[in-house]
Structure formats: structure tokens, C-alpha cells
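Chain by chain, the residues:
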Amino acid sequence: MSLLLRPAAMADAKRLLDWRNDPHTREASFQSDVIRFDDHCGWLERVLANDSYQLWIAELDGQPVGHVRACTSDVETTLSWMVAPSARGKGVGKQMVKMAVKLLSGKIRAEVKSGNAGSARIAEFAGLVLVNAERDVLVYEMTNE
Ligand SMILES: CC(C)(COP(=O)(O)OP(=O)(O)OC[C@H]1O[C@@H](n2cnc3c(N)ncnc32)[C@H](O)[C@@H]1OP(=O)(O)O)[C@@H](O)C(=O)NCCC(=O)NCCS
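Residues numbered from 1 in each chain as written. Predicted model: local features only at pLDDT ≥ 70, side-chain atom pairs only at ≥ 80, totals over all residues. Heavy atoms only, no water.

Enquirer: Describe helix α5 (residues 117–125), and please don't skip the residues or the numbers.
Expert: Within α5, burial applies to Ser119, Ala120, Ile122 and Ala123. Down the axis of α5, the sector holding all buried residues measures 160 degrees, keeping them to one side. Residues of α5 that are buried sit in contact with β4 (77–83), α4 (92–102), β5 (106–113) and β7 (137–144). Phi turns positive one or two residues past the end of α5, at Gly127, with a value near 105 degrees. (Buried < 20%, exposed > 50% of the residue type's maximum accessible area, 1.4 Å probe, protein only. Helix = DSSP H or I, 4+ residues; strand = E, 2+ residues; numbered from the N terminus. Arc of directions from axis to C-beta. Contact = heavy atoms within 4.5 Å.)

Enquirer: Tell me about the sheet that holds strand β2 (residues 53–60), residues and numbers included.
Expert: An order of β1-β2-β3-β4-β5-β7-β6 is seen for the 7 strands of this open sheet, with the pairing classed as mixed. Of all strands in the sheet, those bounded by a partner on one side alone are β1 (3–7) and β6 (129–134). Each strand of the sheet is rotated relative to its neighbour by a mean of 25 degrees, with strand direction disregarded. Bridging between β1 and β2 involves 5 bridges; their strand directions are antiparallel. When the bridges of β2 are listed, Pro7 appears paired with Trp56. Lying over the sheet, helix α1 (residues 13–21) contacts β1, β2, β3 (63–72) and β4, oriented at roughly 85 degrees with respect to β3. (Pairing = 2+ DSSP bridges. Axes fitted to C-alpha atoms, helices over the stretch in contact; angles between N-to-C directions.)

Enquirer: How would you sum up the site of the ligand? Please name residues and give values.
Expert: Near the ligand, the surroundings consist of 20 residues, among which Trp81, Val83, Gly89, Gly91 and Lys94 are the closest. Contacts to the ligand include Gly91, whose backbone N or O atom sits 2.7 Å from an oxygen atom. In this structure, Gly93 approaches the ligand through a main-chain N or O atom, which is 2.8 Å from an oxygen atom. Coverage of the ligand by the protein chains reaches 72% of its 930 Å² of free accessible surface. When contributions to the shell around the ligand are tallied by element, the ones reaching two or more residues are α2 (23–28), β4, α4 and α5. Sorting elements by how many residues they give to the shell around the ligand places α5 first, with 5 residues. (Near = heavy atom within 4 Å. Polar contact = N/O pair within 3.5 Å; in protein donor to acceptor, adjacent residues only side chain to side chain. Areas by Shrake-Rupley, 256 points an atom, 1.4 Å probe, with all protein chains shown as cover.)

Enquirer: An account of the nonpolar core is needed here, citing residue identities and associated values.
Expert: Judged by nonpolar contacts, the single largest core of 40 residues is most densely connected at Val68, Leu79, Trp81, Met96 and Val97. Ignoring anything within four residues of it in the chain, the contact list for Met96 reads Leu3, Leu5, Ala58, Gly66, His67, Val68, Trp81, Met82 and Val83. (Core = buried A, V, L, I, M, F, W, Y, C linked by side-chain atoms within 4.5 Å.)

Given below as C-alpha cells:
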């Protein structure tokens, strides 16, 4: 699989929103409302201008197929991700999150909604370890050198 990560840009706004508003993505998200394009563009502008965030687009053979977001605080980096509906079930999620983890140092965590078996598998494949399972949230962590 020829997968690469590149930084996201405003030109990715529409595809990111299409992926985010997909019903399966909304079901897997802690914030499940349909997001409007204007609101999404405002959010994306703020994220791209904020040094605490890294937003990558995964490309498979030159086609955008997913996204990984890393938000870094003083203590840890929190990861989230989604795969384009048309690219699911091909191993993209596992590969792109593993690639993102290799670009990060320090404590890394991810929160996965209970029942999201695909993302639980992805977190484990990337090296994250389940440290807490309460109510509807699975918390995964790892520490890189
Ligand atoms: C969950 C999601 C990221 C999976 O992406 P993907 O590229 O299809 O996943 P992969 O092909 O890399 O598969 C990962 C593993 O999960 C399994 N899997 C994938 N989707 C699954 C599903 N719906 N139910 C059960 N298992 C699933 C795969 O079989 C694979 O398991 P394996 O390691 O035993 O082979 C994708 O469906 C998605 O973007 N969903 C909506 C957003 C989301 O869940 N974001 C995560 C928030 S942290």
C-alpha cells in the first residue's frame, strides 16, 4: 500500500466535511451533529493557524483517503482520525494512524467510543494500549521516546 501523510490545507475543507458528516462517522463521533460548511471552514482556519494542532491528509496512490489530527498540550498529544467512506475496509486506518504515531514524541492518547471496533483495532495496531474503559469511552495511551 503506497500511503503518505501530507499537511492538510484549506483546499481540503469540503472533503473533510463530507467525511465528517457521513452518517457512520457521526455515529462514531462524540459530537454527532451535522456540521455546516461555514462553521467547518471557520474551525479549519483556526486549527491550521494553531501550532498546537497537526492535521494530516492520508493519500493512497495520490488520492485523499483519510485524515489524522494531533492536538498537543503541555502533557500529551491527543489523536483522532477518520477514513473516507469509499476507502474503508482496506487497511488505510491502521496504516495512517501508525504513520502519524511515528511522527510524534511523548505521551500519546486517543479516545474511542465503545462499540467502534474498527478504531479500537486501529489504536492497538498503532501501538496504543487500552488504559481505561468507562461508560461509553475507551481510552488508549502510549509514550514515544
Ligand atoms: C473506523 C474507521 C477509522 C476504520 O477505518 P478503515 O480504514 O476502514 O479501517 P482498517 O481497514 O484499517 O481496519 C482496521 C481494523 O478494524 C476492523 N474494522 C474496520 N471497520 C470495522 C467495523 N465497522 N466493525 C468491526 N471491525 C472493523 C478491520 O477488520 C481491521 O481489523 P484487523 O486488524 O483485524 O484487520 C472508519 O470506518 C471511520 O473513519 N469511521 C468513522 C470515524 C471514526 O470512527 N473515527 C475514529 C474516532 S477516534
